[in-house]
Amino acid sequence: MSAPAAERDVDPRRYFEAVERDRDEVAGSDPVCLYLETTNRCNLPCTTCPRTFEELEPAANMSWDLFRSIVDQYPNIARVVLHGVGEPLMVPNLPRMIRYLKARGTYVLFNTNGTLLNERRGRDLIASGLDELRVSLDAAEAQTFKAVRGKDVFDRIVENVRQFCALQRALAADAPRVSLWLTGLKETIGQLPAFIDLADAIDVREVHLQRLVYFPDGQGLARAEQALFEHLDEREEALIREAETRAAEHGILFDASGATEPGTSLRRADEQRPWSLCTRPWTLMYFTAHGRALPCCIAPFSMRGYDAFTLGEATQQSLREIWNGESYSRCARSGTANPTENFAMSC
């Protein structure tokens, strides 16, 4: 039987460190993190997102009953992420879900595109106890934003975030921690220093550089030639260094997804088996809005549907049956090959 997450001292912002380097096909401990796709609906046609190009499942919000049936099976879970391929602020039950999790001491966060972050929703999020609010902005000005995110709403989002930060100050609310995220594209890396300046101008104290995950066959801007991973040239290295300098001057935390240094995050650590350093199959479970268990949030980028990557169904099995079931051991935790290479090679 796997050890409960509550028995481990887990930093919810570095949950991926909660497992040893030597790992077996059977997890020795319960997951420390749940990814719950509270909705697969969205209001932006982003050119780096799989849902823009394929309907992976019927459009839906995760029901309250399904949400509770999942989280109640791991009442001591350290961290829950309330996003998947959709926009969480479209979910009416979102503040209720956050409050339910915070009542048991769980660290809660989600990514948003910020388009719906009005004052009412902002007050609801602050009152709910949300720990982190991550705003995926992906550009420092409107024209590039539209090329990446598909709609001309850059100025609205920037103003929404500015007003939210002002609301936090007025309420003396330390939480949630607000951060801006930029996906590392050849298209956008030139804006990184200005992106840091923009964060400072609207009083956001964290900026994160997100590695691009791209489609095997290429769709929109999510294609190998746009990725900075392993392909940084001298100019791009200099832009990252300039962004680091500006962040230090502004007193802004600047790092990469996975809490790593930005330059390091864009270099491969294990050339022969790049997926071998990934701890997600031993630390987290990901469920779609319909309750389908996937290896992680990278699976949608296969662009081949979910059938080959489905590890279980939360509507039909207990989470512990899924966690150490045959599909998890064979598909997600194999130590000799990479059964998930259709999507993990581009992660």
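As a reminder, the structure under discussion sits directly above these lines.
A quick note: this is a predicted structure, and the numbers were derived from the prediction, not measured. (Residues numbered from 1 in each chain as written. Predicted model: local features only at pLDDT ≥ 70, side-chain atom pairs only at ≥ 80, totals over all residues. Heavy atoms only, no water.)

S.K.: Is there a simple way to think about the pattern of salt bridges in this case?
M.R.: Between side chains of opposite charge, a pair can form when the charged atoms approach closely. Evaluation of the coordinates by the stated rule reveals 16 salt bridges. Between Asp 131 and Lys 102 there is a salt bridge, with the nearest N and O atoms lying 2.8 Å from each other. With Asp 131 in the loop between α3 (119-128) and β4 (132-136) and Lys 102 in helix α2 (residues 94-102), this residue pair connects regions lying 29 residues apart in the sequence. For Asp 131, a relative accessible area of 16% corresponds to the buried category. What makes Lys 102 partly exposed here is its relative accessible area of 25%. Across the pair Asp 124 and Arg 120 runs a salt bridge whose closest N-O atoms are separated by 3.8 Å. On the criterion of helical spacing, the pair formed by Asp 124 and Arg 120 is a turn pair, its members being 4 residues apart in helix α3. In this structure Asp 124 comes out as partly exposed when scored by relative accessible area, which is 32%. Arg 120 gets classed as exposed once you look at its relative accessible area, which sits at 51%. Taken together, the shared-partner salt bridges connect Arg 169, Asp 200, Asp 203 and Arg 205 into one network. (Salt bridge = Lys/Arg side-chain N within 4 Å of Asp/Glu carboxyl O. Helix = DSSP H or I, 4+ residues; strand = E, 2+ residues; numbered from the N terminus. Buried < 20%, exposed > 50% of the residue type's maximum accessible area, 1.4 Å probe, protein only.)

S.K.: What is the right way to look at the packing of aromatic side chains in this model?
M.R.: The description of an aromatic ring pair rests on the distance of the ring centres and on the angle between the ring planes. Evaluated as defined, the whole model comprises 6 aromatic pairs. Consider the rings of Trp 323 and Tyr 328, whose centres lie 5.2 Å apart with planes at 65°: the pair is edge-to-face. The residues Trp 323 and Tyr 328 share a single accessibility class, namely buried. Members of the aromatic cluster, each reached through a chain of ring pairs, are Trp 64, Phe 67 and Tyr 100. Its end group placed over the ring of Trp 64, Arg 96 keeps NZ or CZ at 3.8 Å from the ring centre. (Phe/Tyr/Trp six-rings, centres within 6.5 Å; stacked < 30°, edge-to-face > 60°. Lys NZ or Arg CZ within 6 Å of the ring centre and 35° of its normal.)

S.K.: I'm lost on the side chain of Arg 134 in this one. Help?
M.R.: Residue placement: Arg 134 occurs in strand β4. Classification of Arg 134 by relative accessible area gives buried; the value is 14%. Within the structure, Arg 134 has its side chain in polar contact with the side chain of Glu 132 (distance 3.0 Å). Excluding residues within four positions of it along the chain, Arg 134 makes contact with Arg 79, Leu 109, Phe 110, Asn 111, Thr 112, Ser 179 and Trp 181. (Polar contact = N/O pair within 3.5 Å; in protein donor to acceptor, adjacent residues only side chain to side chain. Contact = heavy atoms within 4.5 Å.)

S.K.: How should I be thinking about unusual backbone geometry in this particular structure?
M.R.: A negative phi holds for most residues other than glycine; trans holds for most peptide bonds. Omega for the bond connecting Ala 175 with Pro 176 falls within 30 degrees of zero, at 5°, which places this linkage in the cis form. Mapped onto the secondary structure, Pro 176 falls in the loop between α5 (154-171) and β5 (177-184). Of note, Asp 138 is a non-glycine position whose phi angle comes to about 70°, a positive value. The backbone of Asp 203 shows a phi angle near 70°, a positive value even though the residue is not glycine. The partly exposed category is assigned to Asp 203, whose relative accessible area is 32%.

S.K.: Looking at this structure, I do not really get the pairing of strand β1 (residues 33-36). What am I missing?
M.R.: As a general feature of sheets, a regular strand has side chains that alternate between the two faces. Both faces of β1 are covered, namely the face carrying Cys 33 and Tyr 35 and the face carrying Leu 34 and Leu 36. One ladder, built from 3 bridges, connects β1 with strand β2 (residues 79-81); its direction is parallel. By the bridge assignment, Cys 33 is partnered in β2 with Arg 79. In this view, the connection linking β1 to its parallel neighbour β2 by way of helix α1 (residues 64-71) has right-handed handedness. (Pairing = 2+ DSSP bridges. Right-handed = clockwise from strand over helix to strand, strands pointing away.)

S.K.: Just to check I follow, could you spell out the packing of α3 against α5 for this structure?
M.R.: The description of two packed helices rests on the angle between their axes and on the distance between the axes. For the pair α3 and α5, interaxial distance at closest approach is 10 Å and the crossing angle is 50°. Regarding the angle of α3 to α5, the classification is oblique. Crossing hand, α3 versus α5: right-handed. Counting all contacts with α3, which are made through Glu 119, Gly 122, Arg 123 and Ile 126, the residues of α5 involved are Phe 164, Leu 167, Gln 168 and Leu 171. Among the residues making up the contact of α3 with α5, the classes are represented as 4 nonpolar, 2 polar and 2 charged. (Axes fitted to C-alpha atoms, helices over the stretch in contact; angles between N-to-C directions. Parallel < 35°, antiparallel > 145°, perpendicular 65-115°, else oblique. Left-handed = near helix turned anticlockwise from the far one by under 90°. Nonpolar A, V, L, I, M, F, W, Y, C, P; charged D, E, K, R; others polar.)

S.K.: Is there a simple way to explain the packing of helix α6 (residues 192-201) against helix α7 (residues 234-250) in this structure?
M.R.: Interhelical geometry of α6 versus α7 gives an angle of 15° and a closest axis separation of 8 Å. When the axis of α6 is compared with that of α7, the two are roughly parallel. For the pair α6 and α7, the crossing hand works out as right-handed. Here Leu 192, Pro 193, Ala 194, Ile 196, Asp 197 and Asp 200 of α6 lie close against α7, whose contacting residues are Leu 239, Ile 240, Glu 242, Ala 243, Arg 246, Ala 247 and His 250. A class-by-class count of the residues in the contact of α6 with α7 yields 8 nonpolar, 1 polar and 4 charged.

S.K.: Explanation requested: α5 in the structure shown.
M.R.: Because an α-helix packs 3.6 residues into every turn, residues spaced three or four apart end up facing the same way. Given a rise of 1.5 Å per residue, 18 residues ought to cover 26 Å, and the 26 Å separating the end C-alpha atoms of α5 matches this to within 8%. Within α5 the residues assigned to the buried category are Phe 154, Ile 157, Val 158, Asn 160, Val 161, Phe 164, Cys 165, Leu 167 and Gln 168. Remark: Ala 172 follows α5 within two positions and exhibits a positive phi of approximately 55°. (Expected span 1.5 Å × (residues − 1).)

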